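One letter stands for each residue in the lines below.
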Amino acid sequence: MAGNTFGTAFRITTFGESHGEAVGVIIDGVPPGLPISEEDIQPDMDRRKPGQSDLTTPRKESDTVIIQSGVFEGKSTGTPLMIMLLNTNTISSDYDDVKNKYRPGHADYTYQQKYGIRDWRGSGRASGRETAGRVAAGAIAKKVLSLQGISIKAYTLAAAGIRCEKYIPDQIEKNPMRACDPEAALKMIEVVESLKDKGNSAGGIIECRIEGVPPGLGEPVFDKLEADLGKAILSIGAVKGFEIGEGFKAADMFGSDHNDEMSGRGFLTNHAGGITGGISTGQEIIFRAAVKPTASISALQHTVDVTGKETEIRTEGRHDPIICPRIIPVMEAMTAIVLVDHLLRQRAQKSFQMS
């Protein structure tokens, strides 16, 4: 009921706060016999961790993976798999000036209203630090998917008002924006650095492409594949919008334009984004997510304190001027978790079908 668990056949429960002792995840449903080591998980953790460039928070966390359970002699046992990542570089004093004030754009006010108490150190459970556990679980899910020939690639499509004009996959990890267009990336960086100097931040759009998904994944009513993908992506704190295929552009199209006609060789177009009727078509799945500007900015803003008194606030400390580059491995992780969940559900369903 507390909303800390996601999934059905492949279930994850994340734990920990930004300035607590550790963050992590418990995964239930990992198929037994899967070779797993810390080295399998660490590369994705390194893509998510802070301090990668001038466009990310300078907080230094190694995010060294510690597998606590669920693996024996290098293979998954089928029992709950627990992964922990220690918090080693917390500076809670950065938040002393704002602990009695509600920061605009943050979950301070809503957490206080819901629980009657909140951890004001680095946003506590509402911090992006919570996503470290998701990425660790996603690395396990990606390994399962790779055995099925399924790959996931997310990248910055637009940021700070600048949109990529080209799609060059091998350039994504070669620029700090993780943009698919290196020329657009340079323009994004220039704008973001200017905003950072002014104590401000920027948002953007992340696009994700999934290849190799077989037709037939997804449940046709409440657990549609795109519905579960939407929930997974919208559960990431900074995401404020989700669309798949043509998305909102479909509202301005005619049925004759949007329908994906077929020939003997398969689909002729992919306006639906690889999912129809809640079930995968076997085509490339394409979706996008809108990422809001980082809420933590040092520009002066108006707010109220915990007594309701009007006041002003500056959010000091170590923060990302744009979240897009670091949210990419989180989106890939949540996507992988959804796909493995539906893959396992489909296999279980088929195993009980009458011959």
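Asker: Would you mind going over the pattern of salt bridges in detail, with residue names and values included?
Answerer: All told, the structure shown has 22 salt bridges when counted by the stated rule. A salt bridge links Asp108 to Arg118; the nearest nitrogen and oxygen atoms lie 3.8 Å apart. Pair noted here: Asp108 is in helix H2 (residues 108–115) and Arg118 is in the loop between H2 and helix H3 (131–146), with a separation of 10 residues, a long-range link. Arg118 matches Asp108 in its accessibility class, with the two residues each being buried. Put simply, Asp44, Arg47, Lys142, Glu173, Arg178 and Glu332 are held in one network by salt bridges that share partners.

Asker: Explain the packing of aromatic side chains to me, using residue names and the numbers behind them.
Answerer: Taken as a whole and judged by the stated rule, the model has 4 aromatic pairs. We note Lys114 situated over the ring of Tyr115; from NZ or CZ to the ring centre the distance is 5.5 Å. Directly above the aromatic system of Tyr167 lies the positively charged group of Arg209, at a separation of 4.0 Å from the ring centroid.

Asker: Summarise the sheet that holds strand E1 (residues 5–6); cite the residues concerned and give the values.
Answerer: Whenever strands of a sheet pair, they do so through backbone hydrogen bonds, lying parallel or antiparallel. Taken in spatial order, the 5 strands line up as E1-E2-E3-E7-E4 in an open sheet, and their pairing is antiparallel. Here the strands that pair on one side only, and so sit at the sheet edges, are E1 and strand E4 (66–69). In this sheet, strand E3 (residues 22–28) lies alongside strand E2 (residues 11–16) in antiparallel orientation, the contact comprising 6 bridges. Counted as the bridge partner of Thr14 is Val25 from E3.

Asker: Could you give me a rundown of the pairing of strand E18 (residues 310–313), with the residues and numbers involved?
Answerer: Of the strand pairs in this sheet, strand E17 (residues 301–304) and E18 are connected by 4 bridges, and their pairing is antiparallel. Pairing of Thr303 across the sheet is with Thr311, part of E18. Counting the residues in the hairpin turn of E17 and E18 gives 5 residues, including Gly308, whose phi is positive at 95°.

Asker: Which residues make up the side chain of Arg134, and what values do they have?
Answerer: Relative to the helices and strands, Arg134 is located in helix H3. Of the polar contacts made by the side chain of Arg134, one reaches the side chain of Ser235; its length is 2.8 Å. Not counting residues within four places of it along the chain, the set of residues in contact with Arg134 comprises Thr14, Ala232, Ser235, Ile236, Val330, Ala333, Met334 and Ile337.

Asker: Summarise the packing of helix H1 (residues 38–48) against H3; cite the residues concerned and give the values.
Answerer: Two packed helices can be described by the angle between their axes and the distance between those axes. Across the interface, H1 lies against H3 with an axial gap of 9 Å and an inter-helix angle of 140°. With respect to their mutual orientation, H1 and H3 come out oblique. Handedness of the crossing formed by H1 with H3: right-handed. Mapping the contact onto sequence places Asp40, Ile41, Asp44, Met45, Arg47 and Arg48 in H1 and Thr131, Ala132, Val135, Ala136, Ala139, Ile140, Lys142 and Lys143 in H3.

Procedures and definitions
- Residues numbered from 1 in each chain as written.
- Predicted model: local features only at pLDDT ≥ 70, side-chain atom pairs only at ≥ 80, totals over all residues.
- Heavy atoms only, no water.
- Salt bridge = Lys/Arg side-chain N within 4 Å of Asp/Glu carboxyl O.
- Helix = DSSP H or I, 4+ residues; strand = E, 2+ residues; numbered from the N terminus.
- Buried < 20%, exposed > 50% of the residue type's maximum accessible area, 1.4 Å probe, protein only.
- Phe/Tyr/Trp six-rings, centres within 6.5 Å; stacked < 30°, edge-to-face > 60°.
- Lys NZ or Arg CZ within 6 Å of the ring centre and 35° of its normal.
- Pairing = 2+ DSSP bridges.
- Polar contact = N/O pair within 3.5 Å; in protein donor to acceptor, adjacent residues only side chain to side chain.
- Contact = heavy atoms within 4.5 Å.
- Axes fitted to C-alpha atoms, helices over the stretch in contact; angles between N-to-C directions.
- Parallel < 35°, antiparallel > 145°, perpendicular 65-115°, else oblique.
- Left-handed = near helix turned anticlockwise from the far one by under 90°.

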